[in-house]
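Examining the three-dimensional arrangement
Residues per chain, in single letters:
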Amino acid sequence: MALAWEGRCFCMSTGLRVCAQSQSGVARFVQQWQNVIVSTPAMPRKNLRRSAIVVLDQEKGHNGRVAVAPRDRHLDFGEKWSYAPAPEAHDYIKLQPRYQLFIGGKFVAPRSGKYFPSINPATEEKLAEIAEADARDIDLAVKSAHRAYKNVWSKLPGRERAKFLYRIARLIQEKARELAVLETMDGGKTIKESRDIDLPLVAAHFFYYAGWADKLEYAFPGRTARALGVAGQIIPWNFPLLMAAWKLAPALACGNTCVLKPAETTSITAMHLAQILQEAELPDGVVNIVTGAGETGKALVDHSDINKIAFTGSTSVGKILTQAVAGTNKRLTLELGGKAANIIFEDAPIDQAVEGIISGIYFNQGHVCCAGSRLLVQEGVFPAVIRKLRDRIATLRVGNPLDKNTDIGAINSRMQLEKICELVDSGLKQGAELVQSNARLPAKGYWYPPSFFTGVTASHRIAQEEIFGPVLSVMTFRTPEEAIERANNTPYGLSAGIWTDKGSKIFKIVSKLRAGVVWANTYNKFDPTSPFGGYKESGFGREGGRHGLLPYVTLS
Ligand code: NDP
């Protein structure tokens, strides 16, 4: 039973790794597991308590072997059944020692003469230096975007704009593997994710919006859609190229020009995208890319000649931006944080649901605004779900993100790792129980093992705040009404998931969930044709689909 697991499993509070085989570790592990297993309806409470506490001795059969209940038996091949390393080649990648700003179609040095390092979070090695733009550089970029808007881009018919977008999409496809490797090196996400999810979606967004560029009258029948002018676009570090595509493709399709600011920790692929824009012969100044920290973003937001701000990032910065544009003519869309409920009903296909939980929270190391970070499980299936989840996280491979077998890569930055640790500590202090896989973490780099909390209450910080890491908070519910109430009990409203075999239940529940996106019997599925965005503190405005055109046009 649980103890067969213990030999392989570790309980870990942040910074302190305790082997469950040590005496204190066992006591602690047992204490944690009592709460999970004691509620198993199929087994009497007293038996469970005994088997959880008694360390193997009392479970021994006559032949001295440990008696393990059939349902808790696991095949354990030890090290003999592990994957061989399958590292993606990266020696051909041409990293520049320094990346300049991309303004007016050229790479130019920042006025400040300052650069900051970009670190590979998996190795802590410096990859390159990135130019730090200040208000003077922002001014140049905005002026260049204005010139390009006035003289070239606003005069091109939609079908001509579409040709550029198609060309960019094809070039991205051609260079997809190289860009995926760069994305992985710069941000820490696994190569299988950047290769199979991010890059195909980046190209798909440009293809999709290329299709709309000459069909705006069909997007808004009976209305005339006109571009806004210059869009200032600020993106985060969790999906650097994908967020650039989400922002640039619809803006350009609608006839706007852009000034894009990538996140400080993940600027490299944006500069490689700039090279692609040059190669696609996009007219100078139509897209400008300025790198830097929060101050650079602030200068962009404050610039008086910006017509629209599109932002993806934290709710706290989103609030600052809302204040900054209040009283101006700037249009604003915000895609902010989330604390999504992933709801598992008793009639759900449990094995598939567990896979949905895994992709919901551990995809991209949990650095996902729409991550299913609050798991709501109906009480009857709670023990089974927890048991399967516990087994499944033990199989997740954490480590070198460039290895094609890796499931969980590096945490994006030291700062983000500290934030995750701080929130996990708060969960432990507030009385929740932590379960972590015993994945061996590399000595260098920023890592966090796949983890989940049980015994979470709605008032815990880990149930309310975005952890933005591979840490799940599990709670239970009894009735559909309680599930809805718990799911909506958050200041956020970005996404949710529901698992049941009843279609009617899906429709009934979904209509009551206050979330911009709800996945049914799946999770974290993205498509350029589908609108994405939130309610409440998750922001406003939609990206993707026909809806994604609306923030970039005025209609008359
Ligand atoms: P931020 O919101 O700070 O960063 C998002 C972008 O905004 C970055 O490009 C950032 O620049 C820029 N920025 C920061 N401050 C300002 C400002 N005052 N004016 C204009 N632009 C600004 O997110 P963090 O990277 O600091 O992450 C903090 C937390 O936010 C995470 O732990 C997570 O919870 C959440 N988050 C949510 C995301 C989402 O998709 N909803 C994405 C990323 C984070 P720079 O990076 O250079 O500071």
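Note that the structure is a prediction, hence the values are computed from the model and not measured.

Time to look at the overall build of the protein chain. Within the protein chain, the regular secondary structure consists of 18 helices and 24 strands. Expressed as a percentage of the 556 residues in the protein chain, the buried residues total 56%. Within the structure as shown, the protein chain displays about 23000 Å² of accessible surface, and the carbon and sulfur contribution to it stands at 53%.

Ile172, Phe206 and Ile344 are the most contacted members of the largest nonpolar core, which has 109 residues in total. Top contributing element to this core by residue count: helix H9 (residues 240–253), with eleven residues. For isoleucine 172, the residues in contact, after removing those within four places along its chain, are Leu179, Leu199, Val202, Ala203, Phe206, Leu273 and Ile276.

Looking now at the side chain of asparagine 120. Mapped onto the secondary structure, asparagine 120 falls in strand E6 (residues 115–120). On the accessibility criterion, asparagine 120 (9% relative accessible area) is buried. With near-sequence residues (within four places) excluded, asparagine 120 lies in contact with Glu125, Leu127 and Met185.

On to the site of the ligand, then. What surrounds the ligand is a group of 27 residues, the closest being Ile235, Trp237, Ser314, Leu336 and Lys419. Between the ligand and the protein, one listed contact pairs an oxygen atom with a side-chain N or O atom of tryptophan 237 at 2.5 Å. A distance of 2.6 Å separates an oxygen atom of the ligand from a polar side-chain atom of serine 314. Protein coverage of the free-state accessible area of the ligand, which is 850 Å², stands at 87%. Those elements that provide at least two residues to the shell around the ligand are helix H11 (294–302), strand E12 (308–312), helix H12 (315–325) and helix H15 (414–429). Per-element accounting of the shell around the ligand gives the leading share, three residues, to H11. The residue inventory of the shell around the ligand, partitioned by class, reads 13 nonpolar, nine polar and five charged.

About the thresholds
Residues numbered from 1 in each chain as written. Predicted model: local features only at pLDDT ≥ 70, side-chain atom pairs only at ≥ 80, totals over all residues. Heavy atoms only, no water. Helix = DSSP H or I, 4+ residues; strand = E, 2+ residues; numbered from the N terminus. Buried < 20%, exposed > 50% of the residue type's maximum accessible area, 1.4 Å probe, protein only. Areas by Shrake-Rupley, 256 points an atom, 1.4 Å probe, with all protein chains shown as cover. Core = buried A, V, L, I, M, F, W, Y, C linked by side-chain atoms within 4.5 Å. Contact = heavy atoms within 4.5 Å. Near = heavy atom within 4 Å. Polar contact = N/O pair within 3.5 Å; in protein donor to acceptor, adjacent residues only side chain to side chain. Nonpolar A, V, L, I, M, F, W, Y, C, P; charged D, E, K, R; others polar.

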